[in-house]
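Read off the chains here:
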Amino acid sequence: MPNMSPKKNEMPSQAPDVRNKNFLEVALGYTQEAAVDEAQRCLNCKHRPCVKGCPVNIQIPDFIHQIVEGDFEKAYDIISESSSLPAVCGRVCPQENQCEKFCVRGIKTEPVGIGRLERFVADLHNAQENAEVSKPAPNGHKVAVIGSGPAGLTCAGDLAKKGYDVTVFEALHLAGGVLVYGIPEFRLPKSIVQKEVDGLKALGVKVETNMVIGRVITIDELMGEMGFEAVFIGSGAGLPRFMNIPGENLNGVFSANEFLTRTNLMKAYKENSSTPIVKAKKVAVVGGGNVAMDAARCAKRLGADEVYIVYRRSEEELPARREEVEHAKEEGIIFRVLNNPVEILPNEDGNVGGIKCIKMELGEPDESGRRRPVPVEGSEFVIDVDAVIMAIGTSPNPLIKATTDGLNTQGWGGIIADENGLTSREGVFAGGDAVTGAATVILAMGAGKTAAAGIDEYIQNK
Amino acid sequence: MYKIVTKKPLNPTVTQMEIEAPYIANKAKAGQFIILRVTEDGERIPLTVAGCDKEKGTVKIIFQVVGATTEILNHKNEGEYIQDFVGPLGVPTHIEGLKKVCVVGGGVGCAIALPVAQALHEQGTEVHSIVGFRNKDLVILEDDFRACSDKFTIMTDDGSYGDKGVVTAPLKEAIESGENYDMVITIGPLIMMKFVVATTKPFNVPTTVSMNPIMVDGTGMCGGCRLTVGGKTKFACVDGPDFNGFEVDFDEAMRRGAYYREFERKAHCDACNLFKKEVQ
């Protein structure tokens, strides 16, 4: 008999006024008891709608069933068949728009906490001593993967499991891509990412950091003298956008990428870090996505008294996950929706002193289907701040396109790839944000997976 | 990890190192830069490539001890290793087709001006070099400059070596005396480059400046290195580091460059104290 409780088992979390002063993980994870209780809420529906909502097709009812049975390792194995990064996805996937959106329990009450169960299973597995990994028999084919974010890691993992000799090239000094430079420690502890990368290395994947492909080695060289038969481009969307408003180059205006990279990758939140970060007292974060929430919550943790989210549409349209918005509010982030910055003003020292915004109202729906924000004439006002963080999106880095002849891209920079991830160049595949523009970890993983299958087929049929 | 193959002090605060990095040595061109981290948990700092030896697979860097990271780097010896070394980054200096160029270097910027002068010399360009230092003790790379320059002028602020004065004086003189430069390429402190541009602009001599703003990743990801060039925002790491000097907003660049000065000063003191303790 399933557990008919209308609500999910609550996720134990650090209290808001405690956690907004530290960088430790916010959500603490289910106990075994809570996990089994939550798993019993699953109706094990015959038509399995949740699976259709998962970009990598995890057999969700099957792994949940194993939790009910108490065979957590088996549950992990079922997830692993489809996902290479369960501990990551259990934390950062927007389940409310994917698996949990289609959960039958969700029609009348809260859906099953699928993400929380995934995390429970993955964490329990990771807490064990490393089991002996059996390296697959090599098949003698070399593949290069550019970028070690979720797309690259997934692609590399899937190919390595098939026996390919895979080398991952990462531009930064640490593997993980957005999982290490972007998503903060309190949402995704870096030790978890490291564990996933170590797992790939145990499978035989080579990870070469400090390699900016396009500059130090081109794709033509990889496929020529270096002997790689196929290349996967998972270089992400790392180029920050700015608004092009006056005052944007004042000291104290940062891209979210810079602010988060200083904080996360360079660990500027630690007292002894050698990378400086300015600890502003009043901060405006422009944008309403997950990156904006991450930046705002980091600023708060770094000691800011007032942190504003400035967003031009209404709260309904905030692109961030609901859970992140709620967490941010609990931690004291102030939401100034329906406001759009028009200018950043200097203080007497020439650094940021304020942000001038104009009030917006919602007009007719635009091409995205959301109601277009329209400025209210004469409604300008100033918020006093000493730092502004621009979190209004990123574009794909043009370096690989610029150094690879015959690689076709969209006007806005995204690499063009077909349904198997194949680009306009033979043997060159691409996926993740480099193709779609900034999206989610799980979609990038899905693309890495698709491309791995595409690469396998390409090489086997050569 | 990247091995320090050679280390040589050029003056009391400027050091030259050759780092084993064969891929970079094979690719780097004059005007490009690398980013390094000396230790795990260290900061990432950009340094312009001062030369490469493809056979040995080494990249030459020349740095002045100005902060914590360069202090720690300067305490590393031959045979030791640095944590990270990535490049070549940025766009190489455009030198194709230039017939006659004046290269103007200031202080440690001369280390970056030299490979540009050498590359110009190698392709047959007539090279006039003007280099400036605060005083005689700080002069570096004089012989190397002489070897690749058709004309060579050295200036010191206090007149303790070469001519007394700033680099813009002989530059102005040369332009006024009818030296028709296709281009002036200048690398040095921002204030010097600003005045070089102020000198060349009235004569409309195209002037390239090499910008070295604060960076984190160096690959276009953070935007910390942004500058206003011709009214538009540019990223020095991917759009530069070279820009048309007439269009660069130097005052803004100087403000941005000073943003972390207090932090840097304190970090440098801490690093020095650490080394003092080790000595005791």
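Residue numbering note: each chain is counted from 1, following its sequence as written. In the order they appear in the text, chains get letters beginning with A and ligands get numbers beginning with 1. Reporting in this predicted model follows two pLDDT cut-offs: at least 70 for local features of residues, and 80 or more for side-chain atom pairs to be given and counted; totals over whole chains, interfaces and linings ignore these cut-offs and use all residues. Excluding hydrogens and water, the side-chain values take into account all heavy atoms of the structure.

Asker: Looking at this model, I keep getting lost on the overall build of chain B. Mind explaining?
Answerer: The helix and strand tally for chain B stands at nine helices and 16 strands. Here the radius of gyration uses the C-alpha set of atoms, whereas the globule reference equals 2.2 Å times the residue count to the power 0.38. Its C-alpha atoms give chain B a radius of gyration of 18 Å, within 12% of the compact-globule value 19 Å for 280 residues. For chain B, the C-alpha atoms occupy an extent of roughly 55 × 40 × 40 Å along the three principal directions. Relative accessibility thresholds used throughout: buried, under 20% of the residue-type maximum; exposed, over 50%; partly exposed, between the two (1.4 Å probe, protein chains only). Residues classed as buried in chain B amount to 56% of the 280 residues present. All accessible-area figures derive from a Shrake-Rupley calculation using a 1.4 Å probe, and residue coverage is judged against the displayed protein chains alone. Per element, the accessible surface of chain B, about 12200 Å² overall, is 50% carbon and sulfur. Under the DSSP-based scheme used, a helix requires at least four consecutive residues in state H or I and a strand at least two consecutive residues in state E, with every element numbered from the N terminus.

Asker: Is there a simple way to explain the pairing of strand β13 (residues 381-384) of chain A in this structure?
Answerer: Walk down a regular strand and you will see the side chains alternate between the two sheet faces. All names here are of chain A. Alternating residues of β13 divide into Phe381 and Ile383, all buried, and Val382 and Asp384, none buried. Paired strands are those between which DSSP finds at least two bridges. Relative to β13, strand β11 (residues 352-365) runs antiparallel, the two being bridged by four bridges. The residue bridging Ile355 from the neighbouring strand is Ile383, located in β13.

Asker: Mind showing me how you'd approach the interface of chain B and chain A here?
Answerer: A common way to state how big an interface is: give the accessible area lost once the parts meet. Any pair of residues with heavy atoms lying within 4.5 Å of one another is described as a contacting pair. With 40 residues of chain B in contact, the opposing surface of chain A contributes 40 residues. Note on terms: buried area is the combined drop in 1.4 Å-probe accessible area of two parts once they are placed together, counting the loss on both. Buried area between chain B and chain A, summed over both chains or domains, comes out near 3300 Å², and the portion from carbon and sulfur atoms is 54%. For salt bridges, the criterion is a side-chain nitrogen of Lys or Arg within 4 Å of an Asp or Glu carboxyl oxygen. Taken together, the links from chain B to chain A amount to one salt bridge. Among the salt bridges present, the one from Glu221(A) reaches Lys27(B), with a minimum N-O distance of 2.5 Å. At the level of elements, α1 (22-27), β7 (84-89), β14 (226-229), β15 (232-235) and α8 (250-257) of chain B are the ones that each hand at least two residues to the side of chain B that touches chain A. Sorting elements by how many residues they give to the side of chain B that touches chain A places β7(B) first, with six residues. Residue composition of the side of chain B that touches chain A, by class: 18 nonpolar, 11 polar and 11 charged. Under the scheme applied, nonpolar residues are Ala, Val, Leu, Ile, Met, Phe, Trp, Tyr, Cys and Pro; charged residues are Asp, Glu, Lys and Arg; polar residues are all the others, including Gly.

Asker: I keep staring at helix α5 (residues 72-82) of chain A and nothing clicks. Help me out?
Answerer: All names here are of chain A. Residues of α5 that are buried: Phe72, Ala75, Tyr76, Ile78, Ile79 and Ser82. The buried residues of α5 occupy one face: seen down the axis, they fall within an arc of 160 degrees. Contact partners of the buried residues in α5: α2 (32-39), α4 (60-69), α6 (86-92), α8 (114-127) and α18 (441-460). Note that the arc is defined by the directions from the helix axis to the C-beta atoms.

Asker: In this structure, what is going on with the pattern of salt bridges? I would like to understand it.
Answerer: Side-chain pairing between opposite charges can occur once the charged atoms of the two side chains come close. Residues and elements named next belong to chain A. Using the criterion set out here, one finds 40 salt bridges over all chains in the structure. The residue Glu331 makes a salt bridge to Arg301 at a minimum N-O spacing of 2.7 Å. Taken together, the residues Glu331 in the loop between α15 (322-330) and β9 (334-337) and Arg301 in helix α14 (residues 290-301) connect sequence positions 30 residues apart. Judged by its relative accessible area of 6%, Arg301 is buried. In the salt-bridge network here, residues are joined through shared partners; they are Arg19, Glu96, Arg187, Asp294, Arg297, Arg301, Arg321, Glu323, Glu324, Glu330 and Glu331.

Asker: Can you help me understand a negative patch on the surface in this one?
Answerer: Patch definition: residues with relative accessible area over 30% and no salt bridge; like charges joined within 9 Å; nonpolar side chains (Val, Leu, Ile, Met, Phe, Trp, Tyr) joined within 5 Å. Neither His nor the chain ends is counted toward charge; the positive residues are Lys and Arg and the negative residues Asp and Glu. Lysine's charge is taken at NZ, arginine's at CZ, aspartate's at CG and glutamate's at CD. Taken together, the side chains of Glu69(A), Asp71(A), Asp77(A) and Glu81(A) present a region of like negative charge at the surface. Within the fold, Asp77(A) resides in helix α5.

Asker: Would you mind showing me how to read the domain arrangement of chain B here?
Answerer: Residue and element names in this part refer to chain B. Each assigned domain of chain B is listed with its residue range as follows: domain 1 (2-89) and domain 2 (100-257). Segmentation of the chain into domains, including their bounds, is taken from an automatic or database domain assignment. Put simply, the middle of domain 1 and the middle of domain 2, counted by C-alpha atoms, are 21 Å apart. In total, about 1500 Å² of surface goes out of reach between domain 1 and domain 2, with carbon and sulfur atoms giving 67% of it. The interface formed by domain 1 and domain 2 holds zero salt bridges in total. Pairs of N or O atoms within 3.5 Å make up the polar contacts considered here, provided that, within protein, one atom can donate a hydrogen while the other can accept it, and that residues adjacent in sequence are counted only when both atoms are side-chain atoms. On inspection of domain 1 and its partner domain 2, the count reaches three residue pairs in polar contact (both at pLDDT 80 or more). Every element with two or more residues in the side of domain 1 that touches domain 2 is listed here: β1 (2-11), β2 (14-20), β3 (33-37), β4 (45-53) and β5 (58-64). When grouped by side-chain class, the residues that make up the side of domain 1 that touches domain 2 number 12 nonpolar, five polar and one charged.

Asker: What should I look at first to understand the sheet that holds β1(B) in this one?
Answerer: The strands making up a sheet are joined through hydrogen bonds of the backbone, oriented either antiparallel or parallel. Residues and elements named next belong to chain B. Taken in spatial order, the seven strands line up as β6-β1-β2-β5-β4-β3-β7 in an open sheet, and their pairing is antiparallel. The sheet terminates laterally at β6 (81-82) and β7, the two strands that pair on one side only. Of the strand pairs in this sheet, β1 and β2 are connected by six bridges, and their pairing is antiparallel. The residue bridging Asn11 from the neighbouring strand is Val14, located in β2.

Asker: Which parts of the structure should I look at to understand a nonpolar patch on the surface?
Answerer: All names here are of chain A. A cluster of nonpolar side chains, contributed by Met1, Met4 and Leu43, occupies part of the molecular surface with about 380 Å² of accessible area. With respect to the element layout, Met4 can be found in the segment before α1 (16-19). Accessibility expressed as a relative area gives 48% for Met4, which makes it partly exposed.

Asker: Which parts of the structure should I look at to understand the side chain of Asn22(A)?
Answerer: All names here are of chain A. Tracing the sequence through the fold places Asn22 in the loop between α1 and α2. Taking relative accessible area as the criterion, Asn22 reaches 17% and is therefore assigned buried. Among the polar contacts listed, one links the side chain of Asn22 to the side chain of Gln14, at a separation of 2.7 Å. Ignoring anything within four residues of it in the chain, the contact list for Asn22 reads Gln14 and Arg301.

Asker: So what exactly am I meant to see when it comes to the environment of Asn11(B) here?
Answerer: All names here are of chain B. Position of Asn11 among the secondary structure elements: in strand β1. In this structure, the C-alpha to C-alpha distance between Asn11 and Val139, residues 128 residues apart in sequence, is 7.1 Å. Excluding residues within four positions of it along the chain, Asn11 makes contact with Asp137, Leu138, Val139 and Ile140. There is a polar contact of 2.9 Å between the side chain of Asn11 and the backbone nitrogen of Val14. A polar contact is formed between the side chain of Asn11 and the backbone oxygen of Leu138, at a distance of 2.9 Å.

Asker: Before we go on, may I ask you to explain the state of the cysteines in this structure?
Answerer: A pair of cysteine sulfur atoms is labelled a disulfide when the two atoms are within 2.5 Å. Under the defined criterion, the tally for this structure stands at zero disulfides over all chains. Left without a disulfide partner, Cys99(A) is nearest to the cysteine sulfur of Cys54(A), which lies 6.4 Å away. We classify Cys99(A) as buried; its relative accessible area is 7%. Residue Cys222(B) stays outside any disulfide, its sulfur separated by 6.0 Å from that of Cys225(B), the closest cysteine. With relative accessibility at 4%, the residue Cys222(B) sits in the buried group.

Asker: I tried to follow the packing of aromatic side chains on my own but got confused; where do I start?
Answerer: Aromatic rings in a pair are described by how distant their centres are and how their planes are angled relative to each other. Stacked, tilted and edge-to-face are the three classes applied to pairs of Phe, Tyr and Trp rings, where Trp contributes its six-membered ring and a pair requires centres within 6.5 Å; stacked means planes under 30 degrees apart, edge-to-face means over 60, and tilted covers the rest. In this structure the tally under the stated criterion is 11 aromatic pairs over all chains. A ring pair is formed by Tyr259(B) and Tyr260(B), whose centres lie 5.0 Å apart and whose planes are at 65 degrees; its orientation type is edge-to-face. Judged by its relative accessible area of 19%, Tyr259(B) is buried. Within the aromatic cluster, the residues linked to one another by ring pairs are Phe254(A), Phe259(A), Tyr259(B) and Tyr260(B). Criterion for a charge above a ring: Lys NZ or Arg CZ within 6 Å of the ring centre, and within 35 degrees of the ring normal. The ring centre of Phe228(A) lies 4.5 Å from the NZ or CZ of Lys142(A), which sits over that ring. Here the basic side chain of Lys359(A) rests over the ring of Phe381(A), its NZ or CZ set 5.3 Å away from the ring centre.

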